[in-house]
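Read off the chains here:
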Amino acid sequence: MRGATLTPKLIRYVENGTWPISNNACENAIRPFTVGIKNWLFYDTVAGANAAANPYSPIDTCKVNSVDPHAYLVALFKVLPAAHSADNYEALLPWRVAA
């Protein structure tokens, strides 16, 4: 009986040649978060979880803006000690440091 309910969905999938057979791209995109979730189980405070999650923000910002995260972090840590104002910190955004 269960197969009978899935048949229309499978037929619909087969009729549309533009839908990819594999969802590897989606799985690869969420893999860092699933690994992170397993690690976050061991954080017993909100502050600890926030501290562990903080590196995701600049790294994912780099990825979205087509900036190499490693190169950005190297450049950031070289100039960060000299930043003392809001303008200095704004100049450290991934798309500005890479330029």
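Residues numbered from 1 in each chain as written. Predicted model: local features only at pLDDT ≥ 70, side-chain atom pairs only at ≥ 80, totals over all residues. Heavy atoms only, no water.

Caption draft 1: Structural detail: the overall build of the chain. Along its length, the chain carries seven helices and zero strands. Along the chain, helices and strands appear, N-terminal first, in the series α-α-α-α-α-α-α. Accessible surface computed for the chain: about 8100 Å², of which carbon and sulfur atoms make up 64%. (Helix = DSSP H or I, 4+ residues; strand = E, 2+ residues; numbered from the N terminus. Areas by Shrake-Rupley, 256 points an atom, 1.4 Å probe, with all protein chains shown as cover.)

Caption draft 2: Representation of the pattern of salt bridges within the structure. Following the criterion strictly, the structure yields one salt bridge and no others. Across the pair Glu90 and Arg96 runs a salt bridge whose closest N-O atoms are separated by 3.0 Å. With relative accessibility at 39%, the residue Glu90 sits in the partly exposed group. (Salt bridge = Lys/Arg side-chain N within 4 Å of Asp/Glu carboxyl O. Buried < 20%, exposed > 50% of the residue type's maximum accessible area, 1.4 Å probe, protein only.)

Caption draft 3: Broad picture of the environment of Ile59. Here Ile59 shows up in helix α4 (residues 56–64). Residue Ile59 is classed as partly exposed on the basis of its relative accessible area of 27%. Separated by 14 residues in sequence, Ile59 and Leu73 place their C-alpha atoms 8.5 Å apart.

Caption draft 4: Region of the structure containing the UniProt feature "domain: Transposase IS66 C-terminal" (unreviewed entry) in the chain. As annotated in UniProt, the feature "domain: Transposase IS66 C-terminal" (unreviewed entry) corresponds to residues 59–95 in the numbering used here. What you have in residues 59–95 is 65% helix and 0% strand, and the ends, taken at the C-alpha atoms, are 12 Å apart. (UniProt positions renumbered as here; feature names shortened; annotations may be inferred.)

Caption draft 5: Region of interest: a nonpolar patch on the surface. A cluster of nonpolar side chains, contributed by Phe77, Leu80 and Tyr89, occupies part of the molecular surface with about 320 Å² of accessible area. For Phe77, the location among the structural elements is in helix α5 (residues 69–79). (Patch = residues over 30% accessible without salt bridge, like charges linked within 9 Å, V, L, I, M, F, W, Y side chains within 5 Å.)

Caption draft 6: Looking closely at the confidence of the model for the chain. Across the chain, the average pLDDT comes to 80, with 90% of residues at or above 70. In the model of the chain, helix α1 (residues 2–15) stands out as the element of lowest mean pLDDT, 67, in contrast to α5, which has the highest, 91. (pLDDT = per-residue confidence, 0-100.)

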